Amino acid sequence: PALLLVLILIGTVWYWNYSQDDVYITYRYSRNIALGNGFVFNLGERVQGTTTPLFTLLMAGVYFITHDLVHAGNLISAISLFGVCIVAWQLGERIGGAWLGMGAALMLALNTWFYISFGMETLTYTLLLIATFWFAYREKEFFAGVCVGLLTITRADGILAAGVLAA
């Protein structure tokens, strides 16, 4: 885990000031919610324009701590990536042994596709997704259900994981 933490820290520092333009939609909704203006992009226009309601609400809560949502979002992404790597390590270890677990975790920690999605809901979604299947694998149906529920309100396509679990 220490090596993973160092690798993710390096990636986080490298991409600290990077953000995609889509994330600003979520952050504007988050700011408007935090300021009491409602779940809106433009004041007075009630249009659903965010695809990630749970992450938007999370970032609205973060707005009370810091108005720097870009860097706060990047920090949440880094923490989520570490969680993804730990769960992947454990899942891989149970399925195929220590080398598979460690290899899966390192592959994820070194994946630049994750770093270029920093600030977005992608890594929180990924953590909920892998946790869903981790709990299902361990026959912890209640926790798998909670994770898949949170996954679905993070992004609507999370409902597909519920279908996979049901199958």
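What counts as what
- Residues numbered from 1 in each chain as written.
- Predicted model: local features only at pLDDT ≥ 70, side-chain atom pairs only at ≥ 80, totals over all residues.
- Heavy atoms only, no water.
- Helix = DSSP H or I, 4+ residues; strand = E, 2+ residues; numbered from the N terminus.
- Rg over C-alpha atoms; globule rule 2.2 N^0.38 Å.
- Buried < 20%, exposed > 50% of the residue type's maximum accessible area, 1.4 Å probe, protein only.
- Contact = heavy atoms within 4.5 Å.
- Areas by Shrake-Rupley, 256 points an atom, 1.4 Å probe, with all protein chains shown as cover.
- Lys, Arg positive; Asp, Glu negative; His and termini not counted.
- Charge placed at Lys NZ, Arg CZ, Asp CG, Glu CD.
- Salt bridge = Lys/Arg side-chain N within 4 Å of Asp/Glu carboxyl O.

### Digging into the overall build of the chain
- A tally of helices and strands in the chain yields nine helices and zero strands.
- Shown N-terminal to C-terminal, the secondary structure of the chain runs as helices and strands in the order α-α-α-α-α-α-α-α-α.
- Its C-alpha atoms give the chain a radius of gyration of 17 Å, within 12% of the compact-globule value 15 Å for 167 residues.
- Over its C-alpha atoms, taken along the principal directions, the chain stretches across nearly 55 × 40 × 25 Å.
- Taken across its 167 residues, the chain has 41% of its residues classed as buried.
- Taking the intrachain contacts of the chain between residues at least 6 apart in sequence as the baseline, contacts between residues at least 24 apart amount to 63%.
- By element, 70% of the accessible surface of the chain is carried by carbon and sulfur atoms, the whole surface being about 9,100 Å².
- Distance between charge centres in the chain, computed from 7 positive and 9 negative side chains, equals 6 Å.

### Considering the pattern of salt bridges
- The full count for this structure, using the stated rule, is two salt bridges.
- Taking the shortest distance from any N to any O, the salt bridge between Arg155 and Glu121 comes out at 3.5 Å. Of this pair, Arg155 sits in the loop between α8 (141–154) and α9 (159–166) while Glu121 is found in the loop between α6 (112–115) and α7 (122–137), placing the two residues 34 residues apart along the sequence.
- The partly exposed category is assigned to Arg155, whose relative accessible area is 24%.
- Assessed through its relative accessible area of 7%, Glu121 is described here as buried.

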